[in-house]
Structure formats: C-alpha cells, structure tokens
Amino acid sequence: MSENEMAQYSEDMDAGVPSDAGSTVKRLWRSMGKQRFRLVIVSVSVIFYTILSVAAPVYSAKIVDLLFREIRLSIAGERMFRVTWDPVGREIVILFLIYTATGILYTFQSFLMAGFAERVSLDLRTKISQKLNRLPLSFFDSHKPGEVLSRATNDLDKMAEVMQTGLLKLFTAVGMVIGSLIMMFTFHVGLTFVFLFFTVLAMVSTRFFAGETLRCAAMRQQAASRVTGQVEESYSGRVVIKAFNREEKSAEDMRKAVEELAETSRKADFMMNVVNPFIRLVNRFGQAVIAVFAGKLLLEGVLSVGVFQAFFQYVYQASEPLTEAAYMVNSLQSSIASVERIFGLLDEEEIRPDPAETAKVSLTPGDTGSIPAAGRTEGRVEFRHVRFGYSPDKLLMKDISFSVRPGQKIAVVGSTGAGKTTLINLLMRFYEVNGGQILLDGMDTAGKTYAGLRSNFGMVLQDTWLFDGTVAENIAYGRPEASRDEVIAAAKAARADFFIRTLPKGYDTRLSGDAENISAGQRQLLTIARVILCDPAVLILDEATSSVDTRTEMEIGKAMSELMKGRTSFVIAHRLSTIADADLILVMQNGDIIEQGGHRELLQSGGAYAELYNSQFASN
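Definitions and limits used
Residues numbered from 1 in each chain as written. Predicted model: local features only at pLDDT ≥ 70, side-chain atom pairs only at ≥ 80, totals over all residues. Heavy atoms only, no water. Helix = DSSP H or I, 4+ residues; strand = E, 2+ residues; numbered from the N terminus. Buried < 20%, exposed > 50% of the residue type's maximum accessible area, 1.4 Å probe, protein only. Contact = heavy atoms within 4.5 Å. Areas by Shrake-Rupley, 256 points an atom, 1.4 Å probe, with all protein chains shown as cover. Pairing = 2+ DSSP bridges. Axes fitted to C-alpha atoms, helices over the stretch in contact; angles between N-to-C directions. Core = buried A, V, L, I, M, F, W, Y, C linked by side-chain atoms within 4.5 Å. Patch = residues over 30% accessible without salt bridge, like charges linked within 9 Å, V, L, I, M, F, W, Y side chains within 5 Å. Salt bridge = Lys/Arg side-chain N within 4 Å of Asp/Glu carboxyl O. pLDDT = per-residue confidence, 0-100. Parallel < 35°, antiparallel > 145°, perpendicular 65-115°, else oblique. Left-handed = near helix turned anticlockwise from the far one by under 90°. Nonpolar A, V, L, I, M, F, W, Y, C, P; charged D, E, K, R; others polar. Phe/Tyr/Trp six-rings, centres within 6.5 Å; stacked < 30°, edge-to-face > 60°. Lys NZ or Arg CZ within 6 Å of the ring centre and 35° of its normal.

Visitor: Mind showing me how you'd approach the overall build of the chain here?
Guide: The number of helices and strands found in the chain is 20 helices and 12 strands. Relative to its 620 residues, the chain shows a buried fraction of 44%. In the chain, of all internal contacts separated by at least 6 residues, the share reaching a separation of at least 24 is 76%. Here the chain has roughly 33000 Å² of accessible surface; of this, 59% comes from carbon and sulfur atoms.

Take a look at the structure:
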C-alpha cells in the first residue's frame, strides 16, 4: 500500500462506518435509475477482462515453451533458430491481441465507470440543491454551515471517487484473485500454499502497523486543523491583534502550532515509510522462497519454463489486489457512510408544500376593509392569536394579536432576544406558526404559495449580504430584468449613486468575496437600493441604517420616508428616536407583545416603552 493510499485509509477510518450499509446500498441502487444499465455493462466487461487477463499467462507459458524448444533444437544443431508464423509467430500475435483486448476492455470500463459515478453524483447533487431550498430555517438553526456543506461537497466527492476507482478495483480484484488462485492450484498446489502463507503474513503485518499509523495520521490531522484555525484567526483578527499589540503572542501561538504539526508529521511519515518497505520485504521474501522451490521443480521436470514464468505472473496478479483488499474495503465502507449521510440530509423534514388552491379571503367580523383586486396587495396585515415556539413543547409566543392598515408604519421594539426578528420571520413564513393565523389582505398566509407571499415583501436586514457579481447585478438581484436606468434610479433613491460612480468601473465594478472592497455602510446602501428597485407592497427594515453614519442615516431616512408612502412598513429599531413617527409601536418582551400604541400614548402610560425611551435619553 502506497503512502497516499495509507493517508486515504486514515481519512476513511476517521469518516466512520455506516449504521445500515445494506439499506443504504439498496436505496442507492434504486436511485440510480437508468445508470444501472451502465453498471451492468461494466460488470459484463469486467468478466471478459478477467477471463482474458487470467488466460494471458497460460498462453504466454505455451509461447515460452515453444521458444525454449526451438532454442534447445538450435543449440543441439538440429536446425537454425528462427521464429516462423507456424507455430510461434501465430501464438505471439494471438497473445498480443489478448493483451490489446484487455487494454481496450479496461479503458472501456474505466470510461463507463467515470460517467456512471459522475452522473450519479450529479443527480444527488441536484437533489441536495433542490432539498436545501425546501428545508425550513429551523434546520439551518440546528446545523452548522460546515456540516451542510460537507454533505454537498466532501461526501459526494468521496462517493464519486470510490465509485469510479474503488468499485472498479474491487470488481477486477475479486475476479483476478479467484482466477489467478485457480490457475496457480492447477499448476502446483504446494507452491500456491507457500504464496498464500506469505500473503496472509503480509496482510497481518499491514493490520498490525495500520493501528499505529492511523493514530499518528489522526494526530497530524488534528495538528493541521489547529494550524489552519490559527492562520484563519490571525488573518480575520489582524486589526484587533495590531490594535492591542498582540503580534508577538500571535506569532508565538503560530510557532507552537507549526512545531506540533512538524513533530506529528515526522512520526506519521516515519510510520508510513516503514510499512511499505516491510510489507514489500515480506512479499519479496515469499517470492524468493517460491522461486527456490519452483526452480527445484523446474530442474526435476515437474514444471516447464513457460509454466514457471506464468506462475510468477499469477503471483503478481493475485498479490497486489490481496494487499490492497483492506484499503478497498474501508474506502467502500467510508463511501457508504458518506451516502448514508447524504440520504440523511435528503430525508430531513421539509417546509409545508404550497397549497393546491389559493387561500380564500377571511374577514374579521365587522371588518369593512375592501377585498383587494386579484394580483394586487394593499398591505393590510393582521395577527390573530398567534402561538409559536422553536420547539412545540416550549412556546416563545403564546398569544400575539394586532392589526395593521395599509400604508401604516409599525415599529417593533424591545430588548435583545425579545422576539422582534421572530415576529418578522413568521410574517414572511420562514417558520410556521403553532396556532392562530397571520392574514395579508384578509387572506391566511398559510394558504398562499411561498413565492406569491414573499413577492409582496421587501426586506433590509442588519447583516448585509452581497454575492460575487457587479454592483448593478447585486442591486437587480430581486429584479434581474430591470434596465440600467431603473437600477441607477434605485441607487439614487438609496443615496448610493455617488459612491458607486467613484468605484473603478462604476456600476460594473465587481464585488468579490464578502464585498470587502467597499465599506459596511456602502454595502448597506446597496441592499436598500435592491429593495427600492423591487418596489414591494410591504417593507421590512431590521436596523437597516445600523452600519451607516449619522449624516448618511439622515439621507437614507429621507429616501425611506418617501418610499414608505402608501406602503405598510415594519421597522425593527433599537434607537427609539427613529420611530417616534410610527403609527403603531409594538413593545415585545420574552416573545409577547406587552404594549402597543402610538409614541405619545405609550410615553404617557409610563410603561415599559416609556422606561426604555427615557433610559436612552437620560443623558439629555
């Protein structure tokens, strides 16, 4: 086993074992669909490849014996040595054709397996991509991003690689070992048992060394992870490190991590480099013993020269697959575990499917509001006795009720963790309520399609998100068909046009990575322009101006005030001075609305809002 294979063997062992390999393999087989036909063709090809590969040494033995006979006759002076078409030349051509056929078959089955593995991987990758769009936010809340990414990348890549190479190796190895051992027993039983003895000894030695090798490899992997983490920490925290004069401490931590990696790598490399020579020594010693006994049998006339060399061809054909058997089995086991994790992701509970029919209007008794025309949203919102909890047995919201008329500005305030963002998430149906109703224009949002519902909302979050693309593409994210003039108009309304024109390529400037080539405030302006371009009926602003300076905040405030006219707006705010003009203020605490009303009304009541407001302006 090579060093790379031993390293891969270590990774496979760390990957764990499948909990139900049989069911996973059956499900994978069912999910292959039309690709199963490719696998059948590969299996047939492997059978013919194995037959020809096993037959080649037998045929070469016949040729060697014919040549040896011709050489002996030539030495005895009976006739001149020459290779003619009959019989030697014809046999050599046939052997050449056998080897050519095996090469063609191996290339053919390798090509088929590569296509088979990639098509299966593409199908699963497509299913995962579609699945991620159907998963609720609660799934992402309870799973780390790296874990989800690993399912869609590492696990799929490992499965495809093992299917493409490991599975083919296993098929050919089984056939070659069985066929070679049968032929070896046919030639000489005693020599075959000598070969099996040294092969078993080599496999036992490999298993003995593998434990220590894997332990060293695991330690190296842990040390490498610590170095990677230290590098990431030093890079991401470079400004803080310099600000607090911690450069020397950071460098010292890095030095210790690198020294640990160097020491563990030295031990791991030593073990890996020791195993190969030892196993090869055992194999070579076994071949030497076989050569001595076979030579004795050759001199005694029990074996011919052709059989002698053919037997050693079979020794090579059988020993390599047997030596790699443990590696291949563990790779396949690890691949099945990866497939099991992929199926686990595909089996996760999805969001509620879109309704087959559009929700019907459900008016509150005494409601005189008009029903909106088809395709037009007025922005009338109502929460009716809404209950919600991230887990059914622990409710966060027990009874939320309020109503909003079209065009009103609603402010949601409260301390951190009070449930402000959760309220907005329920309105957007990022989570499903445990009880009660949320109505939009008198229609239960649970009866609307997700796309139909969310097309009515425009959201600006505190945490900005921009993708890898141009400035214009980021602004037009919600309306890709928008013209350049519309994009520029939206940027001007968001007070972003000026700084965009100062960029190297203006609206065609490419934002890379996390858009670190522009400031946090500028990123916020672009997200606001994105919402302005969509022209939604309902606005949701979650501390939308938290990352901009006071002057820019005032400019954005003017643009947002103009944008809010005639639209329902939900504003989550920590600075209460920005929401004094709100038509309705919802004060939240521990998931419930404890106060609601206008700014003056809540101040006069002297409740929680007044206390929160006065605490912010106590210095004044």
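Visitor: What exactly am I supposed to notice about the sheet that holds strand β6 (residues 457–460) here?
Guide: What links the strands of a sheet is backbone hydrogen bonding, and the strands pair in either a parallel or an antiparallel sense. With mixed pairing, the 6 strands of this open sheet are ordered in space as β6-β9-β10-β3-β11-β12. Every interior strand has two partners, whereas the edge strands, β6 and β12 (592–597), have only one. Between one strand axis and the next, the sheet turns by 15° as a mean value, whatever way the strands run. Here β6 pairs with strand β9 (residues 538–542) via 4 bridges, running parallel. Paired with Phe457 across the two strands is Val538, which belongs to β9. Strands β3 (409–414), β6, β9, β10 (568–572) and β11 (584–589) of the sheet are contacted by helix α12 (residues 420–427), whose axis makes an angle of about 150° with β10.

Visitor: Explain the nonpolar core here, please?
Guide: Within soluble globular proteins, side chains that are nonpolar tend to cluster in buried spots. The biggest cluster of nonpolar side chains holds 42 residues, and the ones touching the most others in it are Ile475, Ile500, Tyr507, Leu526, Ile579, Ile585 and Tyr609. The residues contacting Leu526, other than those within four sequence positions of it, are Leu466, Val471, Ile475, Phe499, Ile500, Leu511 and Ile518.

Visitor: Just checking my understanding: could you explain a nonpolar patch on the surface for this structure?
Guide: Residues Trp29, Val40, Val44, Ile47, Phe48 and Ile51 make up a contiguous nonpolar surface patch of about 560 Å² in total accessible area. Here the nonpolar patch takes 5 residues from helix α3 (residues 35–75), the largest share from any one element. Among the secondary structure elements, Ile51 is positioned in helix α3. Taking the relative accessible area as the measure of exposure, Ile51 reaches 52% and is therefore exposed.

Visitor: Teacher, can you tell me more about the pattern of salt bridges here?
Guide: Side-chain pairing between opposite charges can occur once the charged atoms of the two side chains come close. Following the criterion strictly, the structure yields 23 salt bridges and no others. Across the pair Glu91 and Arg90 runs a salt bridge whose closest N-O atoms are separated by 3.6 Å. Here the salt bridges do not stand alone but share partners, grouping Lys62, Arg90 and Glu91 into one network.

Visitor: I would appreciate a short explanation of the confidence of the model for the chain in the present structure.
Guide: Interpreting fine coordinate detail is not advised for predicted regions of low pLDDT. Summary statistics for the chain give a mean pLDDT of 80 and a share of 88% for residues scoring 70 or more. Of all secondary-structure elements in the chain, the lowest mean pLDDT belongs to helix α1 (residues 3–14), at 45, while strand β1 (residues 381–388) reaches the highest, 92.

Visitor: How should the pairing of β9 be read in this particular structure?
Guide: On a regular strand, one side chain projects to one face of the sheet and the next to the other, so that they alternate. Counting buried positions over the 5 residues of β9 gives 5, a clear majority of the element. Side chains of β9 alternate between two faces, with Val538, Ile540 and Asp542 and Leu539 and Leu541 buried alike. Here β9 runs beside β10; their pairing, made up of 5 bridges, is parallel. Its bridge partner lying in β10, Asp542 is registered against Ile572.

Visitor: Got a minute to help me understand the sheet that holds strand β2 (residues 397–404) in this structure?
Guide: Taken together, 4 strands build an open sheet; the order of strands is β2-β1-β4-β5 and the sheet is antiparallel. One side of each edge strand has no neighbouring strand; the edge strands of this open sheet are β2 and β5 (443–444). As paired elements, strand β4 (residues 435–440) and β5 share 2 bridges and run antiparallel to each other. Pairing of Leu439 across the sheet is with Asp444, part of β5. On top of the sheet, α12 reaches β1, β2 and β4; it is set at about 115° to β1, its chief contact.

Visitor: When you look at the side chain of Thr50 in this model, what are you seeing that I'm missing?
Guide: As for its position among the elements, Thr50 is in helix α3. Look past the residues within four positions of Thr50 in its chain and what remains in contact with it is Gly175 and Met176.

Visitor: What is the right way to look at the packing of α3 against helix α4 (residues 85–134) in this model?
Guide: Between two packed helices, the angle of one axis relative to the other and the distance separating the axes together describe the packing. Contact geometry of α3 with α4 gives a least axis separation of 8 Å together with a crossing angle of 160°. It follows from the interaxial angle that α3 and α4 lie roughly antiparallel. As α3 packs across α4, the resulting crossing turns out to be left-handed. Grouping the amino acids of the contact of α3 with α4 by side-chain chemistry returns 27 nonpolar, 7 polar and 6 charged.

Visitor: I keep staring at the packing of aromatic side chains and nothing clicks. Help me out?
Guide: Throughout the structure, instances matching the rule amount to 12 aromatic pairs. Summarising the aromatic geometry, the rings of Tyr49 and Tyr106 are spaced 5.7 Å apart at their centres and angled 40° between planes, so their arrangement reads as tilted. Separated by 57 residues along the polypeptide, Tyr49 in helix α3 and Tyr106 in helix α4 bring together distant segments of the chain. When the ring of Phe388 is compared with that of Tyr431, the centres are 5.6 Å apart and the planes differ by 55°; the resulting orientation is tilted. With a gap of 43 residues between them, Phe388 in strand β1 and Tyr431 in the loop between α12 and β4 connect regions that are remote in the sequence. We note that Phe388, like Tyr431, is buried. If you follow Arg27 out to its NZ or CZ, it ends over the ring of Phe343, 4.3 Å from the centre. Across from the ring centre of Tyr450, 4.2 Å away, lies the NZ or CZ of Arg429, which sits over that ring.

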